[in-house]
Amino acid sequence: MGPRPALPKEVAQYTGRDSERLLVKPGLTCIWQVSGRSDVDFKEWMELDRQYIKTRSIILDIVLILKTIPAVLLGKGAC
C-alpha cells in the first residue's frame, strides 16, 4: 500500500510538499486509485497521497484493498 511509483515527468511537476510522497515506499494502490484516477487532477492527486502518508494504518490499507477491487473491475477513472 502507498502512492504508486512516480514517473520522472510527474516528479518534474512536484512542489516542495509533493516530494513528501517520495519518502514512503511505493505501493500498488492508494487513495488516488480508488478516487477516480485519471478523473482527479494532479494537485488533488498529490493531496490524496499526502493524506494517505499522514493517516496510514492497517485499517486504512484494508479499506483501500476492498475499494480497489471494484475500482479495477469497473475501470473507474481509467484512461
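Whatever comes next refers back to the structure up there.
Draft legend 1. Representation of the side chain of aspartate 49 within the structure. Structurally, aspartate 49 is set in helix H2 (residues 42-55). Relative accessible area serves as the criterion here: at 1%, aspartate 49 is assigned to the buried category. Among the polar contacts made by the side chain of aspartate 49, one reaches the side chain of arginine 21 at a distance of 2.7 Å. Each residue touching aspartate 49, except ones within four places of it in the same chain, is listed here: Pro3, Arg21, Cys30 and Trp32.

Draft legend 2. Representation of the nonpolar core in the model. One finds Tyr14, Cys30, Ile31, Trp32, Val34, Val40, Trp45, Met46, Leu48, Tyr52, Leu60 and Leu64 forming the largest nonpolar core, which totals 12 residues. When contributions to this core are tallied by element, the ones reaching two or more residues are H2 and helix H3 (58-74). Excluding anything up to four places from it in sequence, tyrosine 14 contacts Ala6, Ser19, Arg21, Leu22, Phe42 and Met46.

Draft legend 3. Spotlight on the pattern of salt bridges. The final tally for this structure, using the stated rule, is five salt bridges. Across the salt bridge formed by arginine 50 and glutamate 47, the nearest N and O atoms sit 2.7 Å from each other. Residue arginine 50 and its partner glutamate 47 are both found in helix H2; the two are separated by three residues, about one turn of the helix. A relative accessible area of 6% means that arginine 50 is categorised as buried. For glutamate 47, a relative accessible area of 35% translates into the label partly exposed. One salt-bridge network, in which partners are shared between bridges, spans Arg17, Asp18, Glu47 and Arg50.

The rules behind each value
- Residues numbered from 1 in each chain as written.
- Predicted model: local features only at pLDDT ≥ 70, side-chain atom pairs only at ≥ 80, totals over all residues.
- Heavy atoms only, no water.
- Helix = DSSP H or I, 4+ residues; strand = E, 2+ residues; numbered from the N terminus.
- Buried < 20%, exposed > 50% of the residue type's maximum accessible area, 1.4 Å probe, protein only.
- Polar contact = N/O pair within 3.5 Å; in protein donor to acceptor, adjacent residues only side chain to side chain.
- Contact = heavy atoms within 4.5 Å.
- Core = buried A, V, L, I, M, F, W, Y, C linked by side-chain atoms within 4.5 Å.
- Salt bridge = Lys/Arg side-chain N within 4 Å of Asp/Glu carboxyl O.

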